[in-house]
Amino acid sequence: MRDLLQGEARAAALHPLLARGWAETPDGKGIARTFRFRDFPAAFGWMTQVALAAEKADHHPDWRNVFRTVEVTLSTHSAGGITRLDIDLAGTMDRLAGE
Ligand code: H2B
């Protein structure tokens, strides 16, 4: 789970996320997406749900909330790049956002 994804495996794992609005960060070590919600309670409620899932997985997002937007970057810091943990957490975030 914490092994760096590289080459074909990385491309295949990223493909569906890129189609849903995620993008690779300029340094190639993470994936990023900005989520927009109806209002602040919706944004913060989603963050709370994600926080519980992240803690359970022992894998945590880098994120920034401004009113009803949440900017997210996912990277496995200990591995120095993208692992299955980031792919899975991105999927959880999308699902909890109703996508
Ligand atoms: N989250 C992320 N995104 N990257 C990590 O390397 C990481 C983490 N490491 N959450 C975990 C916690 C580590 O610090 C604990 C001790 O397992």
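Predicted model, so just to flag it, every value in this text is computed and none were measured.

A. Geometry of the site of the ligand. Surrounding the ligand, one finds Arg2, Asp58, His59, His60, Ser75, Thr76, His77 and Ser78. Contact between the ligand and His77: a nitrogen atom at 3.2 Å from a main-chain N or O atom of the residue. Coverage of the ligand by the protein chains reaches 62% of its 390 Å² of free accessible surface. Of the residues that constitute the shell around the ligand, the class distribution is no nonpolar, six polar and two charged.

B. Just the sheet that holds strand 1 (residues 23-24), in detail. One open sheet holds the four strands; their spatial order is 1-2-4-3, and the pairing between them is antiparallel. A strand with exactly one partner marks an edge of an open sheet, and here the two such strands are strand 1 and strand 3 (62-66).

About the cut-offs
Each chain has its residues counted from 1, running along the sequence as written. Whole-chain, interface and lining totals are the exception, using all residues; otherwise, since this is a predicted model, local features are given only for residues with pLDDT of at least 70 and side-chain atom pairs are given and counted only at 80 or more. Hydrogen atoms and water are omitted, and side-chain values are computed over all heavy atoms in the structure. Near residues are defined by distance, with any heavy atom within 4 Å of the molecule or strand qualifying the residue. In protein, a polar contact requires one atom able to donate a hydrogen and another able to accept it; more generally it is a pair of N or O atoms within 3.5 Å, and residues adjacent in sequence count only if both atoms are side-chain atoms. Areas reported as accessible are Shrake-Rupley estimates using a 1.4 Å probe. Residue values count occlusion only from the protein chains shown. Basically, the charged four are Asp, Glu, Lys and Arg, the nonpolar ten are Ala, Val, Leu, Ile, Met, Phe, Trp, Tyr, Cys and Pro, and anything else, Gly included, counts as polar. Whether two strands pair comes down to DSSP finding at least two bridges between them. In DSSP terms, a helix is any run of H or I states spanning at least four residues, a strand is any run of E spanning at least two, and both are numbered starting from the N terminus.

Keep in mind these values describe shape, not function.
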